[in-house]
Amino acid sequence: METQKPAGGFPFGVMFEKQDMLERLDIRIQWGQYEIHVLRFHLTAFPPGRIIDFHNHAEFEFHYVPRGKGKVILEDRMYPLSEGMMYLTGPGVMHYQESDEREGMNELCLHVAITARPSPNADPWEAAEAEECIQKLKELPLKPAYDTDFAMPCFLEAYRVCDSKPTGYYTSIKQQVISILLRTVRAYDTEGIRVEAPVRDMLSHRYEYAVHYMKANYAASLTLDNVAEKLNISPRQLQRVFRQIDPSRSFSKVLEEIRLEEVCQRLQEGQMPIEQIAVLAGFTNATYLHAVFRKRFGMTPGAYRRQQAQSL
């Protein structure tokens, strides 16, 4: 297709400066159980009255109109095109394009080959969303729609990161490609995406987060109140969380176990004085540690250290 650089005031015009830049990348995306291979990814210009006669592709072609107007014939039906519209032509779909005789038209184009590539390690939620999106792409009606979910800025963002090459730019481009697919489906999808995102079991999540926080801060003066504050729940709620997960392991019991685990680790690793170990592990003093340790293991910290040394 013939190209021409449009005048200023058109944000996508920068894409004409390095028109084949995105197409020089071999972009392959494993999405769920599919591989998305990007074949074309560019902005093109139809001068006034330009006709692209009936043709088809072996891949999916996403067409977006950021400026101008014209018309498209999809199979045997003609539709007018204007700024802000888009349409999809799947493999084998015959289509004809024509720009307005006086105004011309710009078109953002993305061509992708979509191939089933089973992956045993795919995230099941992502795989479900990919499956739903791709099945819907195959079933979308052959008619234009408006870009209600703003897929067009994804083209410009992909171009910009490819040009500036910030950290992770290739990953960013792949994310923009997936966004274009999803936003295309949403433009036609009045029912919305039916596959729901994973929902946390909040009881388990709060317990796991609390324990994670306690393990990271065992040496500090941890209390039920300040851990609950980190979870944005009341101390009573947090105590209930621990009881529901395991009635035999209260908040204080779990904290004690975390601190004793640290004490045991330090006793095995070297000859640091027990008084110092007690403080580093969050115990008030060595006397209190001795009492807790003896109750838990049936021996003193010193006896435990000697026992571990003999077993080596």
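Residues numbered from 1 in each chain as written. Predicted model: local features only at pLDDT ≥ 70, side-chain atom pairs only at ≥ 80, totals over all residues. Heavy atoms only, no water.

Another aspect to go through is the overall build of the protein. Check the secondary structure of the protein and you find 10 helices and 9 strands. Taken over C-alpha atoms, the radius of gyration comes to 31 Å for the protein, far larger than the 20 Å a tight globule of 312 residues would show. The principal-axis extent of the C-alpha atoms belonging to the protein is close to 90 × 40 × 35 Å. Here the protein, with 312 residues, has 45% of them falling under the buried criterion. Taking all contacts inside the protein whose residues are at least 6 apart in sequence as the whole, residues at least 24 apart take part in 74%. For the protein, the exposed surface amounts to about 17000 Å²; the carbon and sulfur share of it is 48%. The protein carries 37 positive and 41 negative side-chain charges, and their two centres are separated by 9 Å. (Helix = DSSP H or I, 4+ residues; strand = E, 2+ residues; numbered from the N terminus. Rg over C-alpha atoms; globule rule 2.2 N^0.38 Å. Buried < 20%, exposed > 50% of the residue type's maximum accessible area, 1.4 Å probe, protein only. Contact = heavy atoms within 4.5 Å. Areas by Shrake-Rupley, 256 points an atom, 1.4 Å probe, with all protein chains shown as cover. Lys, Arg positive; Asp, Glu negative; His and termini not counted. Charge placed at Lys NZ, Arg CZ, Asp CG, Glu CD.)

Before going further, it helps to examine the side chain of Lys 136. Summarising the element assignment, Lys 136 is placed in helix H1 (residues 124–139). A polar contact is formed between the side chain of Lys 136 and the side chain of Asp 189, at a distance of 2.4 Å. (Polar contact = N/O pair within 3.5 Å; in protein donor to acceptor, adjacent residues only side chain to side chain.)

Running from N to C, helix H4 (residues 202–216) and helix H7 (residues 251–269) point in directions that differ by 40°, and their axes come no closer than 10 Å. Classified by the angle their axes make, H4 and H7 are oblique. Remark: the crossing between H4 and H7 carries right-handed chirality. Residues Tyr 207, Val 211, Met 214 and Lys 215 of H4 form the contact with H7, whose participating residues are Phe 251, Val 254, Leu 255 and Ile 258. (Axes fitted to C-alpha atoms, helices over the stretch in contact; angles between N-to-C directions. Parallel < 35°, antiparallel > 145°, perpendicular 65-115°, else oblique. Left-handed = near helix turned anticlockwise from the far one by under 90°.)

Now for the pattern of salt bridges. Considering all chains together, one arrives at 11 salt bridges under this definition. With its nearest N and O atoms 2.9 Å apart, the salt bridge here joins Arg 40 to Glu 23. Of this pair, Arg 40 sits in strand E2 (residues 34–46) while Glu 23 sits in the segment before strand E1 (28–31), and the two are 17 residues apart along the sequence. On the basis of relative accessibility, which here comes to 25%, the residue Glu 23 falls in the partly exposed class. Between Arg 249 and Glu 257 there is a salt bridge, and its shortest N-O distance comes to 2.6 Å. Look at Arg 249 and you get partly exposed, because its relative accessible area is 24%. What emerges from the salt-bridge pattern is a single network uniting Asp 26, Arg 28 and Glu 35. (Salt bridge = Lys/Arg side-chain N within 4 Å of Asp/Glu carboxyl O.)

Quick look at the pairing of strand E5 (residues 77–82) now. Two elements, strand E4 (residues 60–74) and E5, share 6 bridges in a ladder whose sense is antiparallel. Note on E5: the bridge partner recorded for Lys 71 is Pro 80. The antiparallel hairpin formed by E4 and E5 contains 2 residues in its connecting segment, where Glu 75 sits at a positive phi of about 60°. (Pairing = 2+ DSSP bridges.)

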